[in-house]
Amino acid sequence: MKQEEIWDVDAAQRYDTPGAGMFAPEVLGPTVDRLAELAGGGNALEFAIGTGRVAVPLAERGVPVTGIELSRPMIDRLRTKADETTIPVVTGDMATAVAPGEFTLVYLVYNTISNLLTQAEQVECFRNAARHLVPGGRFLIELWVPELRLLPPGQQATVFHCEPGYIGLDTYDVLRQHVVSHHFRFDDTRQARLTRSPHRYIWPAELDLMAQLAGFTLESRHADWAGAEFTAESRSHVSVYRLPER
């Protein structure tokens, strides 16, 4: 399944959930606060900008934001919120596409680096971030921690979320470090709707090595946007990498 097939018109129309889920103020508020701080008065570049969930409120905070996005339908959805002058977007792959200008911050949120399905592509994503940054610039990644400790011998799937009307489960291919997320949504009828997305999971240590190959060093790692300590029990992390100063 190609990313272009996943992020189609239907996905773009269903993506936004204003005020709830990943669009909830308690989620977006700390995210935008942290990104605005890291941009330090400079320009920010979002890889896989999507419908502008983060970029729009960040731009409203006065941070100039540019985006790179593979999905045309997602860009069209973004354009209902902000025009090309307000948030310029380059159509292309975040591992290779080039956006004009220089940036103090490149960021990649909500596990999206795992949409690149090979290690080589993920390394190129780091290198692409480095190409866009000024000396001393930062690359921020938000990413989940694979829950392989929950996999008993012989089992290939884990339920990562369960609530009324929704069940989410991941199926793992540990040989290739691949996981497919399955999202089942249902109501009182006998029918359910299934959406799926493939990913290549990355351990934090492997992510750090990718950063080193692109010239970055790890500046900080926290369990969330508010700065909670990252521990062995953390299910995700917000990691900030930095290029050396001149």
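All values derive from a computational prediction rather than experimental measurement.

**Some remarks on unusual backbone geometry**
1) Next: Look at Tyr110: it is not a glycine, yet its phi comes out positive at around 55 degrees.
2) Next: Here Tyr110 falls in the partly exposed class, since its relative accessible area comes to 42%.
3) Next: Here Gln177, not a glycine, exhibits a phi torsion of approximately 60 degrees, which is positive.

**Some details on the side chain of His199**
1) Next: With respect to the element layout, His199 can be found in strand 9 (residues 192–200).
2) Next: A polar atom in the side chain of His199 sits 3.2 Å from the side chain of Asn115.
3) Next: Filtering out sequence-adjacent residues up to four positions away, His199 remains in contact with Ser114, Asn115, Leu117, Trp144, Gln177, His178, Val179 and Ser181.

**Quick word on the pairing of strand 9**
1) Next: Relative to strand 9, strand 8 (residues 178–186) is paired through 9 bridges, and the arrangement is antiparallel. Counterpart to Val180 in the pairing with strand 9 is Pro198.
2) Next: Hairpin connection between strand 8 and strand 9: a loop of 5 residues separates the two successive antiparallel strands.

**A few points about the sheet that holds strand 10 (residues 217–222)**
1) Next: Sheet architecture is open: 7 strands sit in the order 3-2-1-4-5-11-10, paired in mixed fashion. Each edge of the open sheet carries a strand with a single partner, namely strand 3 (89–91) and strand 10. Averaged over neighbouring strand pairs, the angle between their axes works out to 20 degrees when direction is ignored.
2) Next: Two elements, strand 1 (residues 44–47) and strand 4 (residues 103–108), share 3 bridges in a ladder whose sense is parallel. If you follow Leu45 over to strand 4, its bridge partner there is Val106.
3) Next: Sheet strands touched by helix 3 (residues 25–39): strand 4, strand 5 (133–144), strand 10 and strand 11 (236–242). Its angle to strand 4, the strand with the most contacts, is close to 150 degrees.

Cut-off values and rules
- Residues numbered from 1 in each chain as written.
- Predicted model: local features only at pLDDT ≥ 70, side-chain atom pairs only at ≥ 80, totals over all residues.
- Heavy atoms only, no water.
- Buried < 20%, exposed > 50% of the residue type's maximum accessible area, 1.4 Å probe, protein only.
- Helix = DSSP H or I, 4+ residues; strand = E, 2+ residues; numbered from the N terminus.
- Polar contact = N/O pair within 3.5 Å; in protein donor to acceptor, adjacent residues only side chain to side chain.
- Contact = heavy atoms within 4.5 Å.
- Pairing = 2+ DSSP bridges.
- Axes fitted to C-alpha atoms, helices over the stretch in contact; angles between N-to-C directions.

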